[in-house]
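# Fold and contact review
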Amino acid sequence: MSFWKKFTQAGLALSLVAVGLVGCGGGKETSSAGGESKAPAAAVKTLDEIKKRDKFVVGVKYDTNLFGLKDPGTGKVEGFDIDISKAIAKKILGDENKIELKEVTSKTRIPMLKNGDIDAIVATMTITEARKKEVDFSDVYFKAGQSLLVKKGSPIKSIADIKPGTKVLGVKGSTSVKNIREKAPNASVLEFENYSEAFSALKAGQGEALTTDNAILYGMMKQDPNYEMVGNNFTDEPYGIAVRKGDTDFVKTVNDTLKELKDSGEYAKIYEKWLGEKPKE
Ligand code: GLU
């Protein structure tokens, strides 16, 4: 039985939304400065830009096994988020290869989207109320929850074992570092630029635990079986695809793509390819 299966069966891990794709976001605010009723702000039309350019430029992770990971040998970037991105390119442009991947980290993804460097973020990104003030989100396309990764044999078996001064490693700009400060205020949290740096730091003994989403930790366990996830998920982390605020046509197209993927069974295939089991309905 795969680790992932074990975790999901034990109810400790991610249960998939897939079905019914819960509506979140897609808000319609087009802000006008000062609140005066002048002409409404120009609608954001990323969909038109993608069609004109004949390419979908998407921000993905390059260091996150199973979701977006660059193979240093081949230079190829692969993962669950890449396959979802390709499906969006296919829906808009008729060809899944009409895509350009750009690396984002948890810290850089929103600024890069706002700057226009990328059309969308498909990068293990949790839908939160705070982030909804800055970007619009698609429906949920993956459900994760925050957990802990430790070296096998560690005395830390759950979040309750985090004592004053326990060093917990995380990544800048993630919900994980914010959540752990709330849930384990005694922890001493060390923040890294990305997940490969954080995992290297755990292996180098710079901290006793690494915290982020169970799905990401699962990918790390697969890379190095000396490490294991412990305890239950202590948050819900529903992933959404982020676009610029007011980009309503684009959000609709992304949501239509997600629904079609689900209805056709393609979503289940992608899920199984990366997570090693079928999504739960
Ligand atoms: N899903 C969490 C977040 O959006 C953690 C994973 C990540 O850092 O991308 O912050």
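None of the values given here were measured: they were computed from a predicted structure. (Residues numbered from 1 in each chain as written. Predicted model: local features only at pLDDT ≥ 70, side-chain atom pairs only at ≥ 80, totals over all residues. Heavy atoms only, no water.)

### So, the overall build of the chain
- The number of helices and strands found in the chain is 10 helices and 15 strands.
- Per-residue burial over the chain gives 51% buried out of 281 residues.
- Taking the intrachain contacts of the chain between residues at least 6 apart in sequence as the baseline, contacts between residues at least 24 apart amount to 72%. (Helix = DSSP H or I, 4+ residues; strand = E, 2+ residues; numbered from the N terminus. Buried < 20%, exposed > 50% of the residue type's maximum accessible area, 1.4 Å probe, protein only. Contact = heavy atoms within 4.5 Å.)

### Some remarks on the side chain of Ser85
- By the element assignment, Ser85 lies in helix 3 (residues 80–93).
- The class of Ser85 is buried, set by a relative accessible area of 0%.

### Examining the confidence of the model for the chain
- Model confidence for the chain is summarised by a mean pLDDT of 89, while 85% of its residues fall at 70 or above.
- A low-confidence stretch, residues 9–37 stays under pLDDT 50, and its non-local contacts, those more than four residues away or across chains, total 64 contacts. (pLDDT = per-residue confidence, 0-100.)

### Digging into the pairing of strand 11 (residues 188–192)
- Of the pairings in the sheet, the one linking strand 10 (residues 167–171) to strand 11 comprises five bridges and is parallel in character. When the bridges of strand 11 are listed, Lys167 appears paired with Ser188. (Pairing = 2+ DSSP bridges.)

### Some thoughts on the site of the ligand
- Near the ligand, the surroundings consist of 16 residues, among which Ser106, Thr124, Thr126, Tyr195 and Asp213 are the closest.
- Lys61 places a side-chain nitrogen or oxygen 2.7 Å from an oxygen atom of the ligand.
- The contact in question runs from an oxygen atom of the ligand to an N or O atom on the side chain of Ser106, over 2.6 Å.
- Within the complex, the protein chains bury 100% of what would otherwise be the 280 Å² of accessible surface of the ligand.
- Assessed atom by atom at 2 Å from the grid points, the ligand resides in the largest cavity.
- Of all the secondary structure elements, the ones that give two or more residues to the shell around the ligand are helix 6 (175–183) and strand 12 (209–213).
- Of the residues contributing to the shell around the ligand, the split by class is five nonpolar, seven polar and four charged. (Near = heavy atom within 4 Å. Polar contact = N/O pair within 3.5 Å; in protein donor to acceptor, adjacent residues only side chain to side chain. Areas by Shrake-Rupley, 256 points an atom, 1.4 Å probe, with all protein chains shown as cover. 1 Å grid on protein atoms, 1.4 Å probe; cavity = no way out; pocket = protein on both sides within 12 Å on 5 of 7 lines; lining within 4 Å. Sits in = over half its atoms within 2 Å of the grid points. Nonpolar A, V, L, I, M, F, W, Y, C, P; charged D, E, K, R; others polar.)

### Overview of the packing of helix 3 against helix 9 (residues 248–264)
- Put simply, helix 3 and helix 9 touch, their axes get as near as 10 Å, and they point 110° apart. Classed by the angle they form, the pair helix 3 and helix 9 counts as roughly perpendicular. Helix 3 and helix 9 meet at a crossing whose hand is right-handed. Between helix 3 and helix 9, the residues in contact are Ile84, Ala87, Ile88, Lys91 and Ile92 and Phe250, Thr253, Val254, Asp256, Thr257, Leu258, Glu260 and Leu261, respectively.
- In the contact of helix 3 with helix 9, the residues fall into eight nonpolar, two polar and three charged. (Axes fitted to C-alpha atoms, helices over the stretch in contact; angles between N-to-C directions. Parallel < 35°, antiparallel > 145°, perpendicular 65-115°, else oblique. Left-handed = near helix turned anticlockwise from the far one by under 90°.)

### Re the pattern of salt bridges
- Per the stated rule, a full pass over the model turns up 19 salt bridges.
- As a salt-bridge pair, Lys172 and Glu193 come within 2.4 Å of each other at their nearest N and O atoms. Of this pair, Lys172 sits in the loop between strand 10 and helix 6 while Glu193 sits in the loop between strand 11 and helix 7 (195–203); the two residues are 21 residues apart in sequence, bridging distant segments of the chain.
- With a relative accessible area of 27%, Lys172 lands in the partly exposed category. (Salt bridge = Lys/Arg side-chain N within 4 Å of Asp/Glu carboxyl O.)

### Quick notes on the sheet that holds strand 3 (residues 68–70)
- Strand order in the open sheet made by the three strands is 2-3-4, with antiparallel pairing throughout. The two strands at the open ends of the sheet, each matched to only one other strand, are strand 2 (63–64) and strand 4 (77–78).
- Relative to strand 4, strand 3 is paired through two bridges, and the arrangement is antiparallel. The residue bridging Lys70 from the neighbouring strand is Val77, located in strand 4.

### Looking at the sheet that holds strand 10
- Ordered in space as 11-10-12-9-13, the five strands form an open sheet in which the pairing is mixed. Whereas interior strands pair on both sides, the edge strands pair on one side only; in this sheet they are strand 11 and strand 13 (227–230). Each strand of the sheet is rotated relative to its neighbour by a mean of 35°, with strand direction disregarded.
- Strands strand 9 (146–151), strand 12 and strand 13 of the sheet are contacted by helix 8 (residues 214–223), whose axis makes an angle of about 125° with strand 12.

### Quick notes on the packing of helix 3 against helix 10 (residues 266–275)
- At a minimum axis distance of 9 Å, the contact between helix 3 and helix 10 shows a crossing angle of 155°. In terms of axis orientation, helix 3 runs roughly antiparallel to helix 10. Helix 10 is crossed by helix 3, and the crossing has right-handed handedness. Contacts between helix 3 and helix 10 involve Phe80, Asp83 and Ile84 from the first element and Tyr267, Ile270, Tyr271, Lys273, Trp274 and Leu275 from the second.
- Looking at side-chain class alone, the contact of helix 3 with helix 10 contains seven nonpolar, no polar and two charged residues.

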